[in-house]
Amino acid sequence: MDTWHRRYNVSGTVHCGNRLDRWCAILRDVLAVDDVSFISHMTGDDSIIVLSTVADVASSGNDVHFIHAYVHGEHPTWIRFVAAMKAALYKNNMECSLTAHDSVENLP
């Protein structure tokens, strides 16, 4: 597994409901990219992967997406990313719980 799949410094949940297209649009806006990679699973869950100069993001779920992001730069940049993401989500009436960690974490 590549390191970007395992390393993260921001994690949390986003309540998408039936507005997965809006979640993808928010990711495109905040990460300043044209496209996101989208995988629909037979289980009903969806996975989204976005690689950008701002952050590398993976989210997966159904109504609630679990998100792990590796935000490039130092800790203040991670906090600004969380603030930008929360602002965009709240503007679109999408609940979230996002945390900027104190250090880079590794998924098992």
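Residues numbered from 1 in each chain as written. Predicted model: local features only at pLDDT ≥ 70, side-chain atom pairs only at ≥ 80, totals over all residues. Heavy atoms only, no water.

## Comments concerning the nonpolar core
Within soluble globular proteins, side chains that are nonpolar generally end up buried alongside one another.
Then, in step 1: With 28 residues, the main nonpolar core has Trp-23, Leu-27, Phe-81, Met-85 and Leu-89 as its most contacted residues.
Then, in step 2: Mapped by element, the contributors of at least two residues to this core are strand S1 (7-15), helix H2 (20-31), strand S3 (46-51), strand S4 (55-61), strand S5 (64-71), helix H3 (75-91) and strand S6 (96-106).
Then, in step 3: Per-element accounting of this core gives the leading share, seven residues, to H2. (Core = buried A, V, L, I, M, F, W, Y, C linked by side-chain atoms within 4.5 Å. Buried < 20%, exposed > 50% of the residue type's maximum accessible area, 1.4 Å probe, protein only. Helix = DSSP H or I, 4+ residues; strand = E, 2+ residues; numbered from the N terminus.)

## Examining the sheet that holds strand S2 (residues 37-40)
Then, in step 1: Ordered in space as S2-S3-S4-S5-S1-S6, the six strands form an open sheet in which the pairing is antiparallel. Every interior strand has two partners, whereas the edge strands, S2 and S6, have only one. Neighbour-to-neighbour, the strand axes of the sheet open up by a mean angle of 15°, direction not taken into account.
Then, in step 2: Direction of pairing for S1 relative to S5: antiparallel, over a ladder of six bridges. By the bridge assignment for S5, Thr-13 is matched with Phe-66.
Then, in step 3: Contacts between H2 and the sheet are confined to S1, S2, S3, S4 and S5, with S3 contributing the most and set at about 10° to the helix.
Then, in step 4: Against the sheet, H3 makes contact with S1, S4, S5 and S6, and its axis sits at roughly 160° relative to S6, the strand it touches most. (Pairing = 2+ DSSP bridges. Axes fitted to C-alpha atoms, helices over the stretch in contact; angles between N-to-C directions. Contact = heavy atoms within 4.5 Å.)

## Topic: the side chain of Ser-52
Then, in step 1: With respect to the secondary-structure elements, Ser-52 resides in the loop between S3 and S4.
Then, in step 2: Using a relative accessible area of 13% as the deciding quantity, one classes Ser-52 as buried.
Then, in step 3: A distance of 3.1 Å separates a polar side-chain atom of Ser-52 from the backbone nitrogen of Val-54.
Then, in step 4: Of the polar contacts made by the side chain of Ser-52, one reaches the backbone oxygen of Ala-55; its length is 2.9 Å. (Polar contact = N/O pair within 3.5 Å; in protein donor to acceptor, adjacent residues only side chain to side chain.)

## A short note on unusual backbone geometry
Then, in step 1: The backbone of Ala-32 sits at a positive phi, close to 55°, despite the residue not being glycine.
Then, in step 2: The residue Asn-93 is not glycine, and still its phi comes out positive at about 55°.
Then, in step 3: By the secondary structure assignment, Asn-93 is in the loop between H3 and S6.

## A short note on the packing of H2 against H3
Two numbers describe a pair of packed helices, the interaxial angle and the distance between the axes.
Then, in step 1: Direction vectors running N to C along H2 and H3 enclose 140°, while the axes themselves pass 10 Å from each other. One element, H2, and the other, H3, form an angle in the oblique class. Like other packed secondary-structure pairs, H2 and H3 cross with a definite hand, here right-handed. Each of Trp-23, Ile-26, Leu-27, Val-30 and Leu-31 in H2 lies in contact with H3, whose residues at this interface are Phe-81, Ala-84, Met-85, Ala-88 and Leu-89.
Then, in step 2: A breakdown of the residues in the contact of H2 with H3 according to their chemical character gives ten nonpolar, no polar and no charged. (Parallel < 35°, antiparallel > 145°, perpendicular 65-115°, else oblique. Left-handed = near helix turned anticlockwise from the far one by under 90°. Nonpolar A, V, L, I, M, F, W, Y, C, P; charged D, E, K, R; others polar.)

## Focus: the pairing of S1
Then, in step 1: Of all nine residues making up S1, seven are buried, and the element is well covered by its neighbours.
Then, in step 2: The pairing of S1 with S6 spans seven bridges and is classified as antiparallel. Within the sheet, the bridge partner assigned to Val-10 lies in S6 and is Ala-100.

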